[in-house]
Amino acid sequence: FLGDSISRFAYISLAYFLHTGEWLHPSISHDDARASPHDGKSYKILTKGDLKHAWNVFQNMTNELIQDEICDCGKFDARYYQDDRNNRVIHFFRSGHHKQAPFKSRINPQEIWGNFTAKRGVPFGLEGKGEPFFLIFDWAEMIRTVIGKMNPIPENLVLSAALWPNRFDELEIRQNITIAAKEIGIKRVLWRTGTTIWQGTRAGIVYKAPGAKLDPIMCDFVGKENCIDLSFMNATDRSFYSSEDHKHFREPVNRLMNEETLAVLGYLPKGYKRLNQSIILHPYDEVEMNKSLESLL
């Protein structure tokens, strides 16, 4: 994943699934009483949009859940997952072209997989501030000089920008990214469509889709077969949004995003039963949610 904070939460959801064989239960982000054994904090922080005052708690808790990862967090936002079955997932945060949020990590990409077992489970961001090994603003440069140095190189690259200002509408930017990906041997470049936000007004609830203009451009550019279409989320009930910012999501929304992503990639196991996407269009009800989940067993 190369992109926004929505991608970060999708990464956490997917890494947890790969590590445990199960998706995070929706109650983990709806129930204030369900607490982490790490420090007693509510698991609701997993979908808390505003992390300015709880970043260390968040990274500890998510690393505790996933375990098979190196989390270079703190003021950085780079996460690396690898398990004993050689599943590898990476998330590098990038907020459009905003100059305050480049791609950055303190880890040498050439060393990340080689000594992984010795480092897994360590919340790297708490070991000291340190200086970034790389700090890059350009997407194509990031692909060539960082991802291109990994061994093995990821097979797929999922891009997203969400609410952030970006330059993906410029043909040269799009071409540079795909050329760089091809040069280093990435097989597929995919675009994950933007998600909606909601706002309360006197007239009621208004949904906005910031990516509405960009998504057709990007999906046409990468090809329909590489477009992860999340339009099924356009009318997600507000009970599935983070109560702090109305932009980030509670479970099982991240699960649904990942199921769609895995389907587009062709990675869903044979016989796998997907959760009905319409379940997030109605207010969250734990009894009904459990019935839906049990029907998949």
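Up top is the structure these notes are about.
For the structure given in this document, a descriptive report is provided here.

1. So, the packing of helix α1 (residues 5–20) against helix α2 (residues 55–66)
Then comes step 1: Running from N to C, α1 and α2 cross one another at 30 degrees; their axes reach a closest spacing of 8 Å. Taken together, the axes of α1 and α2 are roughly parallel relative to one another. Of the residues in α2, those touching α1 at R8, F9, Y11, I12, A15, Y16 and H19 are W55, F58, T62, L65 and I66.
Then comes step 2: For the contact of α1 with α2, the class distribution of residues is nine nonpolar, two polar and one charged.

2. Focus: the state of the cysteines
Then comes step 1: Evaluated as defined, the whole model comprises one disulfide.
Then comes step 2: Here C219 pairs with C227 through a disulfide, and the sulfurs are 2.0 Å apart. Note on the C219 and C227 pair: the S-S dihedral is about 45 degrees, so by sign convention the disulfide is right-handed.
Then comes step 3: The exposure class assigned to C219 is buried, which follows from its relative accessible area of 14%.

3. With respect to unusual backbone geometry
Then comes step 1: Residue P152 is bonded to the preceding N151 through a cis peptide linkage, with omega at 5 degrees.
Then comes step 2: Here the amide bond leading from E251 into P252 is cis, since omega sits at 10 degrees, within 30 degrees of zero.
Then comes step 3: With respect to the element layout, P252 can be found in the loop between β11 (227–228) and α7 (253–265).
Then comes step 4: Positive phi outside glycine occurs at N86, with the angle close to 65 degrees.

Calculation criteria
Residues numbered from 1 in each chain as written. Predicted model: local features only at pLDDT ≥ 70, side-chain atom pairs only at ≥ 80, totals over all residues. Heavy atoms only, no water. Axes fitted to C-alpha atoms, helices over the stretch in contact; angles between N-to-C directions. Helix = DSSP H or I, 4+ residues; strand = E, 2+ residues; numbered from the N terminus. Parallel < 35°, antiparallel > 145°, perpendicular 65-115°, else oblique. Contact = heavy atoms within 4.5 Å. Nonpolar A, V, L, I, M, F, W, Y, C, P; charged D, E, K, R; others polar. Disulfide = S-S within 2.5 Å. Buried < 20%, exposed > 50% of the residue type's maximum accessible area, 1.4 Å probe, protein only.

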